[in-house]
Amino acid sequence: MQRSEIAESLTGYTPSEEDLRSLEEWFETYDAHSSAPTPENVERMADMAAFPLNLVTDGSDGDGWTGQWDRAEYVGAMNAVMGGAGDGDLAFESVRTPFFLSPSLAVVFTAATMTAADGGKQTMHYADILVRKGGTWYFQTMIQGGWADMLKGQGQPPRHDRGDG
């Protein structure tokens, strides 16, 4: 996690070392599962969510779109989008900026580069809202531009910022 001092100045909440450590560990675990998106790891990713999961995106028509997934919808979508990548076929480099609103609420902005085994790269920018319940973090809202067409069954996943392969 980086740049937390900027976030603190905007939210008025200064996270403790434990707040930062626990959130960083949560993302390390999630990233490990998503780097090897087998059906078992997609289920593990789902274990890390608080359902129903909120989705916020937009589409090629320029309109914002919101929706919700239950666990089965999340698992199905992640298997479809990430399917075909086997154990260790994806690598992620992420820079995250957490904005803690309290010890149990965080909005995390991520700039990530995903590299496939064939060397193809894709950069992504997104935000997640996480909640801590019983000492455990769960993601509850996923925010990323460009997915509405696919989510409405009208297109392919967005290409976002394609990098040079």
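Refer to the preceding data block for the structure.
Starting from 1, residues in each chain are numbered consecutively following that chain's sequence as written. Confidence filtering applies because this is a predicted model: local features only for residues at pLDDT of at least 70, side-chain atom pairs given and counted only at 80 or more, and all residues used for totals across whole chains, interfaces and linings. Working from all heavy atoms in the structure, the side-chain values ignore hydrogens and water.

Caption draft 1: Region of the structure containing the pairing of strand β6 (residues 136-143). Judged from the 4 bridges that link them, strand β1 (residues 49-58) and β6 form a sheet pairing that is parallel. Within β6, the position partnered with Ala-49 by the bridge is Phe-139. Sheet topology places strand β5 (residues 121-133) next to β6; 7 bridges connect them, and they run antiparallel. Of the residues in β6, the one forming a bridge with Val-131 is Tyr-138. The turn linking β5 back onto β6 is made up of 2 residues, and Gly-134 within it adopts a positive phi angle of 60 degrees. At least two bridges found by DSSP between two strands is the condition for calling them paired. Put simply, DSSP marks the helices as runs of H or I at least four residues long and the strands as runs of E at least two long, and each gets a number from the N terminus on.

Caption draft 2: Layout of the packing of aromatic side chains. Only centres within 6.5 Å qualify two rings of Phe, Tyr or Trp (six-membered ring in Trp) as a pair; their planes then separate them into stacked at under 30 degrees, edge-to-face at over 60, and tilted for everything else. Per the counting criterion, the structure on display carries 10 aromatic pairs. With a centroid separation of 6.0 Å and an interplanar angle of 75 degrees, the aromatic rings of Phe-100 and Trp-137 are classed as edge-to-face. Placement of the pair is Phe-100 in strand β3 (residues 90-102) and Trp-137 in strand β6, with a sequence separation of 37 residues. For the pair Phe-100 and Trp-137, a shared accessibility class is recorded, and that class is buried. Put simply, the rings of Trp-26, Phe-27, Tyr-30, Phe-51, Trp-69, Tyr-74 and Phe-139 touch in pairs and so form one group of aromatic residues. Categorising residues by exposure relies on relative accessible area from a 1.4 Å probe, with only protein chains included: less than 20% of the type maximum marks a residue as buried, more than 50% marks it as exposed, and the intermediate range marks it as partly exposed.

Caption draft 3: Region of the structure containing the pattern of salt bridges. We count a salt bridge whenever a side-chain nitrogen from Lys or Arg sits within 4 Å of a carboxyl oxygen from Asp or Glu. Going through the model one piece at a time under the given rule, you end up with 8 salt bridges. One salt bridge in this structure joins Arg-132 and Asp-19, with 2.5 Å as the shortest N-O distance. With Arg-132 in strand β5 and Asp-19 in helix α2 (residues 17-35), the pair connects residues that are 113 residues apart, well separated along the chain. Owing to a relative accessible area of 15%, Arg-132 belongs among the buried residues under this scheme. A cluster of three or more residues bridged by salt bridges with shared partners is formed by Glu-18, Asp-19, Arg-21, Glu-25 and Arg-132.

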